[in-house]
Amino acid sequence: WAGSFSTSYGLVEQGSGLAEGSAVLINTLTTSFRPIDFLLLEPNFSIRDERNQGTGVRTQTPASGLSVSYSPPKTGFRLTGGTSFSRIFNSEGSNDMRIHGASASVDWKLGKFLGRQDSLSITFNYNRLVDHISRSNSYGGLSSMLQLKIAGF
């Protein structure tokens, strides 16, 4: 297993003076577990805390996610899936959004197809934002990508 914790702090200027900016603190915890050789689990958690120096409004964004990767030995095949959730809300109650995400991908190492180390992958992503203050701002979307990588002519 492995893990890391990181923290960052920054000032974001939003207008002509620093008094109109925000102080941003981000803490992130990322871990990975490999219970068996062909299975990798990667949970993560972060929290972003932003304070507007002009208005005093505090906006928080906690987020979590989990990625799972299955890669049987000697097959050239990998299946990866993931899910994420985050929430954006502030101290004055004018912001309350939730963002849900899911992804799935399949990768195949084709070997010698057109080049020396070719691979084919297909990826699907789904994201949904739900705005609990203004429902008309809510949206969802599905995207996909098919990719052929040709390497080493």
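Topologically, Asn-95 is positioned in the loop between β5 (77-90) and β6 (96-111). Measuring from C-alpha to C-alpha, the distance between Asn-95 and Ser-134 comes to 9.0 Å, with 39 residues separating the pair along the chain. Not counting the four nearest positions on each side in its chain, Asn-95 is found in contact with Ile-88, Phe-89, Asn-90 and Ile-133.

All right, on to the sheet that holds strand β7 (residues 118-131) then. The pairing of strands in a sheet comes from backbone hydrogen bonds and takes either a parallel or an antiparallel form. The sheet built from eight strands is open, its strands ordered β1-β2-β3-β4-β5-β6-β7-β8 with antiparallel pairing. The outermost strands of the open sheet, each flanked by one partner alone, are β1 (2-12) and β8 (139-149). Pairwise comparison of adjacent strand axes, ignoring direction, gives a mean angle of 10° for this sheet. Of the strand pairs in this sheet, β5 and β6 are connected by 13 bridges, and their pairing is antiparallel. For Ile-88, the partnering residue across the bridge sits in β6 and is Met-97.

Side chains that differ in sign of charge can pair as their charged atoms come close. This structure, assessed with the given rule, holds six salt bridges. Among the salt bridges present, the one from Arg-48 reaches Glu-50, with a minimum N-O distance of 3.0 Å. A relative accessible area of 32% places Arg-48 in the partly exposed class. Given a relative accessible area of 17%, Glu-50 falls into the buried group. It is possible to trace a salt-bridge network through shared partners that takes in Asp-49, Arg-51 and Arg-58.

Each value, and the rule that gives it
- Residues numbered from 1 in each chain as written.
- Predicted model: local features only at pLDDT ≥ 70, side-chain atom pairs only at ≥ 80, totals over all residues.
- Heavy atoms only, no water.
- Helix = DSSP H or I, 4+ residues; strand = E, 2+ residues; numbered from the N terminus.
- Contact = heavy atoms within 4.5 Å.
- Pairing = 2+ DSSP bridges.
- Axes fitted to C-alpha atoms, helices over the stretch in contact; angles between N-to-C directions.
- Salt bridge = Lys/Arg side-chain N within 4 Å of Asp/Glu carboxyl O.
- Buried < 20%, exposed > 50% of the residue type's maximum accessible area, 1.4 Å probe, protein only.

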